[in-house]
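Here's the letter readout for the chains.
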There are 2 protein chains.
Amino acid sequence: MKEPNSPDSPLADLCRQRGLKLTGQRRTIAFVLSDSDDHPDVEELYRRAVEVDPRISIATVYRTVRLFEENGILQRRDFGGGRARYEVADGDHGDHYHLIDADTGKVIEFENAELDALLDGIVRQMGYDLVTTRLSVVGRRKAKPRSRG
Amino acid sequence: MKEPNSPDSPLADLCRQRGLKLTGQRRTIAFVLSDSDDHPDVEELYRRAVEVDPRISIATVYRTVRLFEENGILQRRDFGGGRARYEVADGDHGDHYHLIDADTGKVIEFENAELDALLDGIVRQMGYDLVTTRLSVVGRRKAKPRSRG
DNA sequence: TCTGATAATGAGAAAGATTATCATTTGCAA
DNA sequence: TTGCAAATGATAATCTTTCTCATTATCAGA
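Bear in mind the structure is a predicted one, so any value in this text is a computation, not a measurement.

## A closer look at the protein's contact with DNA strand D
Taken together, 20 residues lie near DNA strand D, and A:Arg83, B:Thr23, B:Gln25, B:Thr60 and B:Arg63 sit nearest. In DNA strand D, atoms within 4 Å of the protein come 75% from sugar and phosphate. A:Arg66 places a side-chain nitrogen or oxygen 3.4 Å from a phosphate oxygen of DNA strand D. Here a phosphate oxygen of DNA strand D sits 2.3 Å away from a polar atom, N or O, in the side chain of B:Thr60. Listing elements by their share of the surface near DNA strand D, those giving two or more residues are helix H4 (58-70) of chain A together with helix H2 (24-34) and helix H4 (58-70) of chain B. For the surface near DNA strand D, the element with the highest residue contribution is H4(A), accounting for four residues.

Laid out in structure tokens, this is it:
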């Protein structure tokens, strides 16, 4: 059983800043999210939240994750596999993108300023302001050229 | 009731090329797909297929769409809204991408060679070969600056 | 600190999309 | 034309997510 208490997690603070009622469950979920640097689905978040508060309900995790998304705290991702996955939203700086290993399903994050700018320009030229970018590239590990075989 | 017969649709030919058994239902679905230039979901494909063959089952549409995807004939897309949407896969040339209107949900296709190249380069530099790109940008129509108002 | 209105939660039912089951039918190679 | 493996139709089952509603907790104000 971990310690979600005392100084609130960064996300819990964000939660308060947005004027959301800060319940025990939301504090727990915010803590779990602040503590994660991967892309958990709801089931996985629920598992982690239960470690902190065994009485939390999965319905609450679904609700909270949706609430956080609507408030720009979380971003929903689709990496295939039928369930939504979540990560903490980027700040005002640059977006980040995802490379998915075709064979293992492993998700690798990357940033690229040139890509940011290009996408922004393309969208603008089409008469739109860019709101969100959903980009994931699927790749297959290149066969390592062996050192002479 | 449309005419799916006689000269097979391009997709039906592709189907045969891949060594897939060409049943009446597959011929129908291939025809419907060849005839579509949008991004229908399964429900919509089913509606269109029923126009051609009223006895087709939605289960078959689901099955066929999956089969076609596994064989590189179709691509599955996620534009939000909870259901998968499909379109005929690109050839060997360039991928195409999607701009989604944040307010109307309208999907606008675009191509961009610079983007193709940049993504390819990024992925390569990370040690991978690019398999698929899933890119959709959400944008909001720019307010038209009125001609002096 | 206590109280009450209001909103959040828990548990499970319900909904929506997709896949599996299985008896029947069909495509196609021999 | 025949036979067999594979596909289909109808529907049940599954899986993820949302909804319902009785109970509980938060937080502003007294």
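## Describing the relation of the copies chain B and chain A
When chain B is fitted onto chain A, the two copies agree to an RMSD of 0.2 Å after a turn of 179° and an axial shift of 0.0 Å. Such a combination of turn and shift is consistent with a two-fold rotation axis. Among all C-alpha atoms of chain B, that of B:Leu135 lies closest to the rotation axis, at 2.2 Å. Mapped onto chain A, 100% of the interface residues of chain B are again interface residues, and the two copies thus contact each other with one and the same surface.

## Remarks on the packing of helix H1 (residues 10-17) of chain B against H2(B)
Residue and element names in this part refer to chain B. Between H1 and H2, the shortest axis-to-axis distance is 7 Å and the interhelical angle comes to 130°. Compared by their axis directions, H1 and H2 come out oblique. Facing H1, whose interface residues are Pro10, Leu11 and Ala12, H2 presents Ala30, Leu33 and Ser34. Among the residues making up the contact of H1 with H2, the classes are represented as five nonpolar, one polar and no charged.

## Observations regarding the interface of chain B and chain A
On the side of chain A, 35 residues touch chain B, which itself brings 35 residues to the contact. A combined buried area of about 3300 Å² lies between chain B and chain A, and 63% of that area is made up of carbon and sulfur atoms. Per-residue buried area on chain B facing chain A is highest for B:Tyr128, B:Arg134 and B:Lys142; these three make up 23% of the total on that side. Along the contact surface separating chain B from chain A lie zero salt bridges. At the boundary of chain B with chain A, the tally comes to 16 residue pairs in polar contact (both at pLDDT 80 or more).

## A closer look at the pattern of salt bridges
Where charged atoms from two side chains of opposite charge approach closely, those side chains can pair. All names here are of chain A. Applying the stated rule across the entire model yields 24 salt bridges over all chains. Between Arg83 and Asp41 there is a salt bridge, with the nearest N and O atoms lying 3.1 Å from each other. Here Arg83, found in the loop between strand E1 (74-77) and strand E2 (85-88), pairs with Asp41, found in the loop between helix H2 (24-34) and helix H3 (42-52); they are 42 residues apart in sequence, far enough to count as distant. Looking at Asp41, the relative accessible area reads 15%, which means it is buried.

## Concerning the packing of aromatic side chains
Residue and element names in this part refer to chain B. Under the criterion given, the structure shown has two aromatic pairs over all chains. Arranged with centres 5.8 Å apart and planes meeting at 45°, the rings of Tyr97 and Phe110 form a pair that is tilted. Here Tyr97, found in strand E3 (residues 97-101), pairs with Phe110, found in strand E4 (residues 107-110); they are 13 residues apart in sequence, far enough to count as distant. As far as burial versus exposure is concerned, Tyr97 and Phe110 are alike and both buried.

Conventions we followed
Within every chain, residues take consecutive numbers counted from 1 along the sequence as written. Each chain takes a letter, starting from A, and each ligand takes a number, starting from 1, following the order in which they are written. Confidence filtering applies because this is a predicted model: local features only for residues at pLDDT of at least 70, side-chain atom pairs given and counted only at 80 or more, and all residues used for totals across whole chains, interfaces and linings. Values reported for side chains reflect all heavy atoms of the structure, with hydrogen atoms and water molecules removed beforehand. The cutoff for a nearby residue is simple: one of its non-hydrogen atoms must lie within 4 Å of the molecule or strand. Side-chain atoms alone can form a polar contact between residues adjacent in sequence; in general such a contact is a pair of N or O atoms within 3.5 Å, and within protein one must be able to donate a hydrogen while the other accepts it. Secondary structure elements are taken from DSSP: a helix is a run of H or I of four residues or more, a strand is a run of E of two residues or more, and numbering for both begins at the N terminus. A residue counts toward the fit only if its pLDDT is at least 70 in both copies, and the copies are then superposed by least squares on the C-alpha atoms of those residues. Contact criterion: two residues are considered in contact whenever any of their non-hydrogen atoms come within 4.5 Å of each other. Lines fitted to C-alpha atoms define the axes, with helix axes restricted to the stretch in contact, and inter-axis angles between N-to-C directions lie between 0 and 180 degrees. Roughly parallel means an angle under 35 degrees; roughly antiparallel means over 145; roughly perpendicular covers 65 to 115; every other angle is labelled oblique. Here the nonpolar group is Ala, Val, Leu, Ile, Met, Phe, Trp, Tyr, Cys and Pro; Asp, Glu, Lys and Arg are the charged ones; every other residue, Gly included, is treated as polar. Computed with a 1.4 Å rolling probe, the buried area is the accessible surface lost when two parts are put together, summed over both parts. A side-chain nitrogen of Lys or Arg and a carboxyl oxygen of Asp or Glu constitute a salt bridge if their distance falls within 4 Å. Exposure classes here rest on a 1.4 Å probe applied to the protein chains alone. A residue is buried below 20% of its type maximum, exposed above 50%, and partly exposed in between. The aromatic pairing rule takes the rings of Phe, Tyr and Trp, using the six-membered ring of Trp, and pairs them if the centres are within 6.5 Å, calling planes under 30 degrees apart stacked, those over 60 edge-to-face and the rest tilted.

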